[in-house]
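# Report on the structure
Residues per chain are reported as follows:
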Protein chains: 2
Amino acid sequence: MPGFAEPITTLIRQLCKLPGVGEKTASRLAFFLLRLPREEVEELARSLLAVKEKIQSCPVCFNLTDVVPCEICRDDRRSDGVLCVVEEPADLFAIERTRQFRGRFHVLQGAIRPLDGVGPEDLKIRELLERLQDGKVQEVLIATNPTTEGDATALYLSRLVKPLGVRVTRIAYGVPMGGDLEYADQVTLGKAIEGRREM
Amino acid sequence: MPGFAEPITTLIRQLCKLPGVGEKTASRLAFFLLRLPREEVEELARSLLAVKEKIQSCPVCFNLTDVVPCEICRDDRRSDGVLCVVEEPADLFAIERTRQFRGRFHVLQGAIRPLDGVGPEDLKIRELLERLQDGKVQEVLIATNPTTEGDATALYLSRLVKPLGVRVTRIAYGVPMGGDLEYADQVTLGKAIEGRREM
C-alpha cells in the first residue's frame, strides 16, 4: 500500500486476518488504534496474549476455561440431571446468556462433517458417553446448530444415548422473537408450523 | 457475562471498544483468536504495540509516519507544484490508493467543527500557509470530505489561499462509479447534474 508507513501496513495486514475484516475495515481499525492512547492499545495487546496463555479446554466438559475444572463444572448450584450438548464454546456462552439453563454442558468441539473429513471420532462423543455412565444424567438436551451438520450430529447422538435409558431432547426450531413473519425464511416458518403448540 | 472465563471477558470488553464492534462481533472475534495459533496472536499483539511506538506525525505534512520527514515528503519524484489538503491521514491513504495524484499532501488533522469547539486554530492551517510562502506550490487541491464541515473548511481555506496567488481546486462531487442512479441519494445526484461535463 503506497504512502503507508511499514508498521501501519503490518498492522492492517494482521487485522485483515480477522473474520469479516477486509482491507477497508482494517484501515479504519488501524487509524482508530493510532488515535487511541498508548495505554489502551497496550491493554488490548495484553488481553490478546492473556487468552492464549491462560485459556484451555476443561477436561470434563471441554468448555474454554482459565480454571480446571471450569466454573460451570464446579458450580454445585447447577443440576447434574440435565446435560446440554453444544458444538462450540461460543454456543455454550450463547445459552448461558439466556439464563434459562441451569444444568451442565458438554462441548463436542464441532459437528459431524463428512465432506470436511470430520467424523464422530474427531468429536468429544466418547467423552460424552463416559459422562453418562454413572446414571446421574436423566436428560441430554442436544443444542447443536439448526443446520444440516448440526441436525445430523443430533440424530447420531440420539441413537447412541437413547439405548442408555437417558431422555434425549432437541432445542425447538421456530420463528425468531421480534422478527416479522413476512421476512422469515420458508424453512424456518415451515418448522414453526410443524412445531406449533397449544395456547 | 456468565460462563465466560475472566481472560475471555476482558478480551471481549477490550474488543468492544473498537469502532463498529458490538458484543456479538467481539465474542466472534475472541473465539476466532482463541482458535488461532499462539504465534499469530503474538504477531497481532506485537504489531499493535509497534504502531504506537514507531508512528508519529510528519513535521512537514502531518501524515502518519515512521521516518522523518515521511516517505511522501522525501520522495523527489513527486511534484512540489500541487498540494493536496485532506482532513485525516486515512484520507491521504485513500487518495494514494488511487495512484492518480503525484503531488504533495497536507493533513489538517480535522475539519472546522464549531459545534464540537474545533476552530481553524486547532487545525494545521497556519502550517499550510507557511508551506505556501516559498512560491513553489501553484495549486492547492482541497480534498476535505464532502460534508458540511468539510465544505465549510474548504471554503475557509480557499479564502485564505487565493489571495496568495495560488490556484485553489476542489475534488469533484458526483455519483460513485459502479453505483446505480436509482439508489444514489438526491443530494449527490443533484451535485452530479450541477457538475456535468461535456463528452
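Here we summarise the structure given alongside this text. These numbers come from a predicted model, not from an experiment.

Counting residues at the interface gives 52 residues for chain A, matched by 52 residues for chain B. Here arginine 97 of chain B and glutamate 23 of chain A are joined by a salt bridge, their closest N and O atoms 3.8 Å apart. Along the contact surface separating chain A from chain B lie 8 residue pairs in polar contact (both at pLDDT 80 or more). Of the residues forming the side of chain A that touches chain B, the biggest block, 15 residues, is contributed by helix α3 (residues 38-54) of chain A. Residues belonging to the side of chain A that touches chain B are distributed by class as follows: 29 nonpolar, 7 polar and 16 charged.

The next point concerns the sheet that holds strand β5 (residues 139-142) of chain A. All names here are of chain A. Spatially, 4 strands are ordered β4-β3-β5-β6 in an open sheet, and the strand pairing comes out parallel. Two strands lie at the open edges of the sheet, namely β4 (104-107) and β6 (167-170), each paired on one side alone. Within this sheet the neighbouring strands show an average axis-to-axis angle of 25 degrees, counted without direction. As paired strands, strand β3 (residues 82-86) and β5 are joined by 4 bridges and run parallel to one another. Bridge pairing links valine 85 to isoleucine 142 in β5. Of the strands in this sheet, β3 and β4 are in contact with helix α5 (residues 89-98), which crosses β4 at around 155 degrees.

Attention now moves to the pattern of salt bridges. All names here are of chain A. Scanning all chains against the criterion turns up 26 salt bridges over all chains. Linking glutamate 130 and arginine 126 is a salt bridge whose minimum nitrogen-to-oxygen distance equals 3.3 Å. Placement of the pair is glutamate 130 and arginine 126 together in helix α6 (residues 125-131), with a separation of 4 residues, close to one helical turn. Residue classification places glutamate 130 among the partly exposed positions, given a relative accessible area of 47%.

What counts and how
Residues numbered from 1 in each chain as written. Chains lettered and ligands numbered in written order. Predicted model: local features only at pLDDT ≥ 70, side-chain atom pairs only at ≥ 80, totals over all residues. Heavy atoms only, no water. Contact = heavy atoms within 4.5 Å. Salt bridge = Lys/Arg side-chain N within 4 Å of Asp/Glu carboxyl O. Polar contact = N/O pair within 3.5 Å; in protein donor to acceptor, adjacent residues only side chain to side chain. Helix = DSSP H or I, 4+ residues; strand = E, 2+ residues; numbered from the N terminus. Nonpolar A, V, L, I, M, F, W, Y, C, P; charged D, E, K, R; others polar. Pairing = 2+ DSSP bridges. Axes fitted to C-alpha atoms, helices over the stretch in contact; angles between N-to-C directions. Buried < 20%, exposed > 50% of the residue type's maximum accessible area, 1.4 Å probe, protein only.

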